[in-house]
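The primary structure of each chain is shown beneath.
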Amino acid sequence: MESQDKVQSSSAPKLVLYSYWQSSCSWRVRFALNLKGLSYEHRAVNLDKGDHFTPEFEKLNPLHYVPVLVDGDVVVSDSYAIILHLEQNYPRNPLLPSDPQLRAINLQAASIVSSSIQPLHMMAVTKYVEEKFGPEEGAAWVQIHIEKGFLAAERLCWHVFYRRHGLHGKIVFPLLCSCKECADSLFTMNVIVAKPQAEVGVTAKRFNIDMSELPTLDAIYKSCIALPEFEASLPEKQPDAVPYFFLLFNSWFFK
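Below is a short write-up of the structure. (Residues numbered from 1 in each chain as written. Predicted model: local features only at pLDDT ≥ 70, side-chain atom pairs only at ≥ 80, totals over all residues. Heavy atoms only, no water.)

What follows is about the pattern of salt bridges. A full pass over the atoms with the stated rule returns three salt bridges. Note that K36 and E87 form a salt bridge whose closest N and O atoms lie 3.1 Å from each other. Of this pair, K36 sits in the loop between α1 (24–35) and β2 (40–44) while E87 sits in helix α3 (residues 79–89); the two residues are 51 residues apart in sequence, bridging distant segments of the chain. Overall, the relative accessible area of 3% leaves K36 in the buried class. Two residues, R43 and E41, come together in a salt bridge whose shortest N-O distance is 2.9 Å. (Salt bridge = Lys/Arg side-chain N within 4 Å of Asp/Glu carboxyl O. Helix = DSSP H or I, 4+ residues; strand = E, 2+ residues; numbered from the N terminus. Buried < 20%, exposed > 50% of the residue type's maximum accessible area, 1.4 Å probe, protein only.)

Here it is in structure tokens:
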């Protein structure tokens, strides 16, 4: 019997992604779409101009956030939900491992980023903290929650190594394993969301996170930057990107 899962073809409804070039949530969905080999129509939502508050966009997402994916009659907002929708309905090039335990680790790590890190350092939240408790408190608030979330994701990833190589109960701190099984298991977690959070490396630099304490996440980050699918998902590669501002943005992060 033919699978009921969707396989994109000329007769399949065209995917439409409402996105903003600087949005890390939009970035991770673009990355996932590219990895699954799915073509889509890009529709820019200019957050600076308030496009997300228009009546038309409110019908797509009452929370006024990007990204939003339109898949035929189905409208999905929230990057985590969108990626799960793609994984369930477009089975080619899976983003999650078939092993139940590894799958659970992937989903938990993804949830840490999308639920326990990113919402706590959104601009509206940090602005509120600064207004309530002082201008210096915003950065401290962000750093605490990013460090807590990154350390939890790091520990989850190490379970992959312990399980693959029988290291339970041993006190070890090996270099990142290069075997295909570990690489594949960790890479899928990265795809779901830890990579553009939004850029593990950029986020760490901006908020003074010590990446030496996060060797697995650091290796996952480095494994992605050479991928063509990642390259195509970069903010500056998007149709609505503002090149000059991006240069200023980068110079501020890396100065």
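Structure's up, so let's keep going.
Counting 19 residues, the largest nonpolar core has L15, L33 and L86 as the members making the most contacts within it. For this core, the secondary structure elements donating two or more residues are β1 (15–19), α1 and α3. Of all the elements, α1 adds the most residues to this core, at six residues. In contact with L86, not counting residues within four places along its chain, are L15, L33, K36, L38 and L69. (Core = buried A, V, L, I, M, F, W, Y, C linked by side-chain atoms within 4.5 Å. Contact = heavy atoms within 4.5 Å.)

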